[in-house]
Amino acid sequence: MIATAERTYRSGLHPLHGVLLAGTLPLFLGAALSDYAYSSTYYIQWTHFASWLIVGGLVFNGLALLCALIGLFRADGRRRLSLVYFFLLLATWILGFINALVHTRDAWGVMPTGFVLSIIVAVLAFASTWLGFSRLGAGGKS
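Owing to the predicted nature of the structure, the values given are computational and were not obtained by experimental measurement.

### Some details on the nonpolar core
- One finds Leu13, Leu20, Leu21, Ala64, Leu65, Ala68, Tyr85, Phe86, Leu88, Leu89, Leu124 and Leu131 forming the largest nonpolar core, which totals 12 residues.
- The set of elements that each furnish at least two residues to this core consists of α1 (15-41), α2 (45-74), α3 (79-102) and α5 (113-135).
- In terms of residues, this core owes the most to one element, α3, which gives four residues.
- If near-sequence neighbours (up to four positions away) are discounted, Leu21 is found in contact with Leu13, Ala64, Tyr85, Leu89, Ser128, Thr129, Gly132 and Phe133.

Right, dumping it as structure tokens:
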């Protein structure tokens, strides 16, 4: 008697999508930490660091959003979670863009709105990265 087991494997994230998604969190988190450093020390250079980190996070997040949009059309039985993931990335990008506009003001004008937005965007980036890697995750059995 021969026993056979039928395995179904789910596909994981494309490696480029994973790299782009993994790049968003440290950049937005670095922006939040730079804003915290400015609120503690009042050195203007920290707001410049935060501005550049936000721009980098927007680039990575925008490209990951594009990959999520492509993956949304390829989602077969996981459409609801793919939609949640896509809209989470979209909300992260939109709030990150608003945060970038806030950071174009002078250093005194950035606080406290820029700091609060940086924290919210970092939390959204963490949630989208968590959802992207856990739900869409790296291969394995379903």
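### Considering the environment of Asn99
- Tracing the sequence through the fold places Asn99 in helix α3.
- The exposure class assigned to Asn99 is buried, which follows from its relative accessible area of 1%.
- Distance in space between the C-alpha atoms of Asn99 and Ser118 is 6.7 Å, their sequence separation being 19 residues.
- Residues in contact with Asn99, not counting those within four places in the same chain, are Ile54, Gly114, Leu117 and Ser118.

### Quick look at a nonpolar patch on the surface
- On the surface, Trp52, Val55, Val59, Leu63, Leu66, Leu69, Ile70 and Phe73 cluster together into a nonpolar patch covering about 830 Å² of accessible area.
- Looking at the secondary structure, you find Val55 in helix α2.

### Topic: the packing of aromatic side chains
- Throughout the structure, instances matching the rule amount to seven aromatic pairs.
- Where Tyr38 meets Tyr42, the ring centres are 5.9 Å apart and the plane angle is 80 degrees; that geometry is what we call edge-to-face.
- Look at Tyr38 and you get buried, because its relative accessible area is 2%.
- Ring centres of Trp46 and Phe49 lie 5.5 Å apart, and the angle between their planes is 80 degrees; on these two criteria the pair is classed as edge-to-face. Placement of both Trp46 and Phe49 in helix α2 is noted, with a separation of three residues, approximately one turn of the helix.
- In this structure Trp46 comes out as partly exposed when scored by relative accessible area, which is 30%.

Parameters at a glance
- Counting restarts for each chain: residues are numbered from 1 in the order of the written sequence.
- Reporting of local features is limited, given that this is a predicted model, to residues whose pLDDT is at least 70; pairs of side-chain atoms are given and counted only at 80 or more, and all residues count toward the totals for whole chains, interfaces and linings.
- Note that water and hydrogens are dropped before the side-chain values are worked out from all heavy atoms of the structure.
- Among buried residues, those of type Ala, Val, Leu, Ile, Met, Phe, Trp, Tyr and Cys that are joined through side-chain atoms within 4.5 Å constitute a nonpolar core.
- Buried, partly exposed and exposed residues are distinguished by accessible area as a fraction of the type maximum, computed with a 1.4 Å probe on protein chains only: under 20%, between the cut-offs, and over 50%, respectively.
- Helix and strand labels come from DSSP, where a helix needs a run of H or I of at least four residues and a strand needs a run of E of at least two; each type is numbered from the N terminus.
- In what follows, a contact means two residues having at least one pair of non-hydrogen atoms within 4.5 Å.
- A residue counts toward a patch only above 30% relative accessible area and without a salt bridge, and it is joined to like-charged neighbours within 9 Å or, for Val, Leu, Ile, Met, Phe, Trp and Tyr, to nonpolar neighbours within 5 Å.
- Using the Shrake-Rupley algorithm and a 1.4 Å probe, accessible areas are obtained, with residue cover drawn only from the displayed protein chains.
- Here, a salt bridge means any side-chain nitrogen of Lys or Arg that lies within 4 Å of a carboxyl oxygen of Asp or Glu.
- The aromatic pairing rule takes the rings of Phe, Tyr and Trp, using the six-membered ring of Trp, and pairs them if the centres are within 6.5 Å, calling planes under 30 degrees apart stacked, those over 60 edge-to-face and the rest tilted.

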